[in-house]
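The residues making up each chain are set out below.
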Amino acid sequence: MNDTRRAVLDALAEGPVTGPALADRLDVSRAAVWKHVEALRDAGFDVDSVDDGYVLAGVPDYGGPAVELGLDAPFGVEYHDAVPSTNDRARELAADGARDVVVLADRQTGGRGRRGREWSSPSGGVWASLVLRPDLPPARVPLLTLAAAVAVTDAAREAGVDAAIKWPNDVVVPDEDSERGGRKLAGVLTEMEGEASQVSWVVVGTGVNVNVDPGDLEGDATSIRAEAGNVSRRVFVQRVLERFDELRADTDGVLDAWRERAATIGQRVRVDLGEETVEGEAVDVTEHGALVVDTGDSDGSDDDGSSERVVHSGDCQHLRPA
Ligand code: BTN
């Protein structure tokens, strides 16, 4: 949404306001105000004409302008009813120089997960990819992935779901009966481009099963709807973006925020690295997003004779206590 339309929308939300008063305030013609009002109506906003002028009487459930209205974070929104992958679209925008834009879609037809997996993305979920140009070296980019997991966890908790983070970056509802230690609610897929000392762009893609029907979920996945009932996706996305914006402003605080919400720390885990499996107690996460696992075996572990292994990526299973 351009700045003037956003200003018109903000004014209508505080209305009623007359067309001439709005034209004066925004230093545009009355015809321009009228065009913006009509465009907002076309986008699904309910703008009433009353004796005292225009007033906003209703906001669409979801969509770009709806998410931007009242959003307390500096992100523009590009919305699609359907797109192959919001991460792919965000990468295109990043290559064109965009920053602080979030690509949102009602559904994805080719959603991508970690390790080349497909990511099921039916209508009703929040499929969102942020285009960022952080002033960070590549080694600190994992903090943005951790921040996204924290932001989603907080928004899910606010929606009444007992959410926690499972390493590496899943948001789950912890459940000892689930084979993997929890029912998966959300995942994060981060992609980036840059030089050794400075990143050029980062795309943080977040998929959250929000108002997704339990029948449309795969494996032991869950959704906000299944756990706590339907919520406003508009408000949910706003909370995620606002919390993420706070966290990225203070990357030094991200790791502790992640630890406080982590279901994995203190658990016995089995991490499948592909070529080998590491088993032991998860004791910490590093600022690179790696998991520190105490295998209890000082011979077979790191060169320094410690029994701790630092694993950077893999599939993690929470095991029942021995
Ligand atoms: C995972 O495997 O846990 C990560 C899943 C990430 C899915 C999100 S949905 C929005 C964005 N677009 C994609 O194609 N993938 C990410």
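The present account deals with the structure reproduced in this document. (Residues numbered from 1 in each chain as written. Predicted model: local features only at pLDDT ≥ 70, side-chain atom pairs only at ≥ 80, totals over all residues. Heavy atoms only, no water.)

Comments concerning the nonpolar core
Judged by nonpolar contacts, the single largest core of 62 residues is most densely connected at F75, F244 and W258. Counting residues per element, this core draws most heavily on helix 6 (residues 142-158), at 11 residues. Residues lining this core come from more than one domain, with at least three contributed by each of domain 2 (64-260) and domain 3 (268-318). Residue contacts for F244: discarding those within four places in its chain leaves F75, L130, L132, L144, A147, A148 and A151. With 15 residues, the next largest nonpolar core counts L12, V33, L40 and F45 among its residues. (Core = buried A, V, L, I, M, F, W, Y, C linked by side-chain atoms within 4.5 Å. Buried < 20%, exposed > 50% of the residue type's maximum accessible area, 1.4 Å probe, protein only. Helix = DSSP H or I, 4+ residues; strand = E, 2+ residues; numbered from the N terminus. Domains from an automatic or database assignment. Contact = heavy atoms within 4.5 Å.)

Examining unusual backbone geometry
P16 follows G15 through a cis peptide bond whose omega is 10°. With respect to the secondary-structure elements, P16 resides in the loop between helix 1 (3-13) and helix 2 (19-26). Cis geometry is found at the peptide bond from W167 to P168, where omega equals 10°. Summarising the element assignment, P168 is placed in the loop between strand 6 (164-166) and strand 7 (170-174). Of note, D27 is a non-glycine position whose phi angle comes to about 55°, a positive value. Within the element layout of this structure, D27 appears in the loop between helix 2 and helix 3 (30-42). Here the phi dihedral of D100 falls at roughly 50°; this positive angle occurs in a residue that is not glycine. Within the secondary structure, D100 sits in the loop between helix 5 (86-95) and strand 4 (101-108). Accessibility expressed as a relative area gives 19% for D100, which makes it buried.

Some points on the pairing of strand 13 (residues 308-311)
With burial as the criterion, only one face of strand 13 is covered, namely that bearing R309 and V311; the residues E308 and V310 on the opposite face remain uncovered. In terms of strand pairing, strand 12 (residues 291-294) meets strand 13 through 4 bridges, oriented antiparallel. By the bridge assignment for strand 13, V293 is matched with R309. (Pairing = 2+ DSSP bridges.)

Digging into the site of the ligand
Close contacts around the ligand come from 19 residues, with S85, Q108, R112, R114 and K184 the closest. Residue Q108 places a side-chain N or O atom 2.9 Å away from a nitrogen atom belonging to the ligand. Contacts to the ligand include R112, whose backbone N or O atom sits 2.7 Å from a nitrogen atom. When the ligand is considered free in solution it has 420 Å² of accessible area, and contact with the protein chains removes 98% of it. Looking at the shell around the ligand, the elements with two or more residues in it are helix 5, strand 5 (126-132), strand 8 (182-194) and strand 9 (199-208). (Near = heavy atom within 4 Å. Polar contact = N/O pair within 3.5 Å; in protein donor to acceptor, adjacent residues only side chain to side chain. Areas by Shrake-Rupley, 256 points an atom, 1.4 Å probe, with all protein chains shown as cover.)

Distances and angles like these do not, on their own, reveal function.
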